[in-house]
Amino acid sequence: MWNLKDRKVLVTGGSKGIGKATVKEFLELGAEVLFTARKEVDIRTFEEELSGKGYKVSGMVSDVSVAEDREDLVRKLTHEYGKLDILVNNAGINIRKAALDYTEEEFSKILAINLFAPFEFSRLLYSLLLKGTKPSIVNVASVAASVDVKSGSPYGMAKAGLLQQTRNLAVEWAQDGIRVNAVSPWYTATPLTEAVLTQKDRMDPVIATTPLRRVAQPEEMASVIAFLAMDKASYITGQNIIVDGGMSVSAF
Ligand SMILES: NC(=O)c1ccc[n+]([C@@H]2O[C@H](COP(=O)([O-])OP(=O)(O)OC[C@H]3O[C@@H](n4cnc5c(N)ncnc54)[C@H](OP(=O)(O)O)[C@@H]3O)[C@@H](O)[C@H]2O)c1
């Protein structure tokens, strides 16, 4: 049961960072993976990196915030897989600003990608998940869902909504055998956080408030996402696993 052999998986935002590490983790555990992203060049580069290893994997250009792209993706999954075992709602973006500086357009974009898209994918793929083997959804949230981490308020609000979405769908779809869980990363070394990770004045307080005294690597999120998707986690649903090097339980 410590594997994902022949499971059919969709990872949104799989060309970089946590999504990329998750695609690799799932492939190593024996799964077949379709991943998405907006930039084709990153998709093809990652596919090349994976080629020759005998993996069943493909990437698709698809923007989670565009309705037609979501529908095309569902059509492809229906045609090629005919079912879905695991959905990882990972694609996310952020625009960091003071609350007073956000435009309505920026607010809408942050919520569309981080909150509405996971809801839509979960609903659009419900029928395929029903046909899946021990189906489950893993949503990638953030510690910003629970405490202020200077990420900007719309991002925190969107991720908090994603946690509640996780709980609601977990209860609503438990009778269908679909488990729904979330993983909440703290600072992880990915392109998303690159600008912050290279600034000493911004990193010092992050490290000082993290008992393990370092940021996470994307693989340390991928392993938790994979665990939640496995049969070994068969009694876990509606939960949020905080992966933060101890940050949230430390007062200093
Ligand atoms: N890194 C952290 O410290 C951290 C902490 C807490 C939570 N998280 C969460 O973890 C998830 C992954 O973050 P990350 O750090 O790995 O980010 P990242 O390095 O920026 O990678 C994001 C991935 O999502 C894709 N993506 C972004 N917008 C998309 C869209 N509209 N449609 C489809 N794909 C899209 C990106 O490719 P394209 O740009 O080509 O679309 C890329 O493959 C996000 O949900 C993020 O909020 C990250």
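Residues numbered from 1 in each chain as written. Predicted model: local features only at pLDDT ≥ 70, side-chain atom pairs only at ≥ 80, totals over all residues. Heavy atoms only, no water.

Labelled according to an unreviewed UniProt entry, the protein appears under the name Tropinone reductase 1, originating from Zeaxanthinibacter enoshimensis. Here is the UniProt Sequence similarities (unreviewed entry) comment for the protein, exactly as written: "Belongs to the short-chain dehydrogenases/reductases (SDR) family." (UniProt positions renumbered as here; feature names shortened; annotations may be inferred.)

Caption draft 1: Representation of the nonpolar core within the structure. Of all hydrophobic cores here, the largest spans 38 residues; its most connected members are Leu10, Leu77, Leu84 and Leu125. Where this core is concerned, the elements lending two or more residues are helix H3 (67-80), helix H4 (104-124), helix H5 (126-130), helix H6 (153-172) and helix H8 (200-208). Residues within four places of Leu125 in sequence aside, it is in contact with Leu10, Val74, Leu77, Leu84 and Leu87. Ranked by size, the runner-up nonpolar core spans 29 residues in total, among them Ile18, Phe26, Ile86 and Met221. (Core = buried A, V, L, I, M, F, W, Y, C linked by side-chain atoms within 4.5 Å. Buried < 20%, exposed > 50% of the residue type's maximum accessible area, 1.4 Å probe, protein only. Helix = DSSP H or I, 4+ residues; strand = E, 2+ residues; numbered from the N terminus. Contact = heavy atoms within 4.5 Å.)

Caption draft 2: Quick look at H4. Along its length, H4 shows its largest kink, about 45°, at Ala112. The inward-facing, buried residues of H4 abut H3, strand E4 (86-89), H5, strand E5 (136-140) and H6. (Bend = angle between axes of the 7 residues up to and from the residue.)

Caption draft 3: Structural detail: the site of the ligand. The environment of the ligand is made up of 30 residues, and the closest members are Ser15, Arg38, Asn90, Tyr155 and Thr190. One of the side-chain nitrogen or oxygen atoms of Arg38 is found 2.7 Å away from an oxygen atom of the ligand. Within the side chain of Tyr155, one N or O atom sits 2.5 Å away from an oxygen atom of the ligand. Isolated, the ligand exposes 880 Å² of accessible area, and the fraction of that covered by the protein chains is 96%. Along the lines of polarity and charge, the residues of the shell around the ligand split into 14 nonpolar, eleven polar and five charged. (Near = heavy atom within 4 Å. Polar contact = N/O pair within 3.5 Å; in protein donor to acceptor, adjacent residues only side chain to side chain. Areas by Shrake-Rupley, 256 points an atom, 1.4 Å probe, with all protein chains shown as cover. Nonpolar A, V, L, I, M, F, W, Y, C, P; charged D, E, K, R; others polar.)

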